[in-house]
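Listed below are the residues making up each chain.
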Amino acid sequence: APAATLVVIDRPELGSPSSGPDDVGFRLVDPEQPTVHVTDLGVTRGDGIFEGLGVVDGAVQALEAHLRRLARSAAMLDLPELDLDVFRAACLASAAAHEPAPFLLQKLVVTRGVEGGDGTPTAWVRTAVMDDPAPERREGIAVVSLDRGYRHDVAETSPWLLQGAKTLSYAVNRSVLREAARRGADDVLFVSSDGYTLEGPSASLIARFGDRYTTPRTDLGILAGTTQAAAFEVLEARGIPVSYELLTLDRVREADALWLVSSGRQIAPISSLDGAAWTVDGVETERLADALIGRRE
Ligand code: PLP
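A. Molecular detail of the site of the ligand. Tyr170, Glu199, Thr226, Thr227 and Ser263 are the nearest of the 17 residues found near the ligand. Between Thr226 and the ligand, the recorded distance is 2.7 Å, taken from a side-chain N or O atom to an oxygen atom. One of the side-chain nitrogen or oxygen atoms of Thr227 is found 2.6 Å away from an oxygen atom of the ligand. Taken by itself the ligand offers 390 Å² of open surface, and the protein chains cover 94% of this. Elements with a contribution of two residues or more to the shell around the ligand: helix H2 (63-76), helix H7 (226-237) and strand E12 (257-262). Tallied by class, the residues present in the shell around the ligand amount to five nonpolar, nine polar and three charged.

Structure, rendered in structure tokens:
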């Protein structure tokens, strides 16, 4: 595979002074060389945030939406206010430095910095080739619902639990995939302890009921998905009704079609839920996939 590109962001904080005209706040570095310290709080505590961005034919998709969500996550974790102009330029530079490829995935990471340091966040953007998600788009994915252990109103009642921030603490988001595999499935749909459907561990849920498309409300301690938002824009432009709802798992089981969507995989139809076969809407999946993959901003 072509080498990944890595950009280290030296001035992540808003208002940090530039040392001169050559100091743009970030620099392209050798991705093979170590750049993160062993006492970095992102490493020792998973204390930080990230974004995953798709890059299609060199264009970073939904960059502004990702930067907005990064700033929101930073605020939820009481991290310093980030200089989004530096982050934007760093993402574009990391993508531009990569060899041309149809599909790249960019990972933008911000940590609380090093233990005992001055609190300056550590930040970088790495861009690498991503596996082609087309097979799962054709075949669909088997999904199991798993209890996330929080009520649907956790973001409101207990904001310190950081539900809805895209934190680096994704060990649970990975362990649920191993649980899914033990149950013979590919992916997971999180459900709140009081029975409401939330999101996947790395994707948003879209459900079709008749001609209406619905996604769980984004105030339920889940991420506001950039891909889900883009899909809804496409649907609305076609005059199709969309809505954000409080959806019980029982209601989701009545859906005519279900998808998981995210920046990396774009769109994957659900072909079974908790062992029950689900009809894959191949035509609509391809139509939405074309629109999502076709995004050049
Ligand atoms: N929900 C979670 C928990 C995620 O980690 C992600 C993305 O990785 C998403 C939803 C989908 O967000 P996006 O479409 O912006 O990639």
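Having seen the model, we can carry on.
B. Highlighting the packing of H7 against helix H9 (residues 282-293). Where H7 meets H9, the closest approach of the two axes is 10 Å, and the angle between their N-to-C directions is 110 degrees. Compared by their axis directions, H7 and H9 come out roughly perpendicular. The residues of H9 that touch H7, namely those facing Thr227, Ala230, Ala231, Val234 and Leu235, are Glu284, Leu288, Ala291 and Leu292. Grouping the amino acids of the contact of H7 with H9 by side-chain chemistry returns seven nonpolar, one polar and one charged.

C. Fine view of the pattern of salt bridges. Applying the stated criterion to the full structure yields 19 salt bridges. For Asp153, the salt bridge identified is with Arg151, shortest N-O distance 2.9 Å. Its relative accessible area of 26% is what places Asp153 among the partly exposed residues. A salt bridge links Asp187 to Arg265, with the shortest nitrogen-to-oxygen separation between them at 2.9 Å.

D. Molecular detail of the nonpolar core. With 26 residues, the main nonpolar core has Ile9, Ile49, Leu70, Leu82, Phe87, Leu108 and Val110 as its most contacted residues. Those elements that provide at least two residues to this core are strand E1 (5-9), strand E3 (48-56), H2, helix H3 (84-97), strand E5 (103-111) and strand E6 (122-129). It is H3 that contributes the most residues to this core, five residues altogether. Other than its neighbours up to four places away in sequence, Ile49 contacts Leu70, Ser73, Ala74, Leu77, Leu79, Leu82, Leu108, Val109, Val110, Lys166, Thr167 and Leu168. In this structure, Leu205, Phe209, Val252 and Ala255 belong to the second largest nonpolar core, which totals 18 residues.

Rules behind the numbers
- Residues numbered from 1 in each chain as written.
- Predicted model: local features only at pLDDT ≥ 70, side-chain atom pairs only at ≥ 80, totals over all residues.
- Heavy atoms only, no water.
- Near = heavy atom within 4 Å.
- Polar contact = N/O pair within 3.5 Å; in protein donor to acceptor, adjacent residues only side chain to side chain.
- Areas by Shrake-Rupley, 256 points an atom, 1.4 Å probe, with all protein chains shown as cover.
- Helix = DSSP H or I, 4+ residues; strand = E, 2+ residues; numbered from the N terminus.
- Nonpolar A, V, L, I, M, F, W, Y, C, P; charged D, E, K, R; others polar.
- Axes fitted to C-alpha atoms, helices over the stretch in contact; angles between N-to-C directions.
- Parallel < 35°, antiparallel > 145°, perpendicular 65-115°, else oblique.
- Contact = heavy atoms within 4.5 Å.
- Salt bridge = Lys/Arg side-chain N within 4 Å of Asp/Glu carboxyl O.
- Buried < 20%, exposed > 50% of the residue type's maximum accessible area, 1.4 Å probe, protein only.
- Core = buried A, V, L, I, M, F, W, Y, C linked by side-chain atoms within 4.5 Å.

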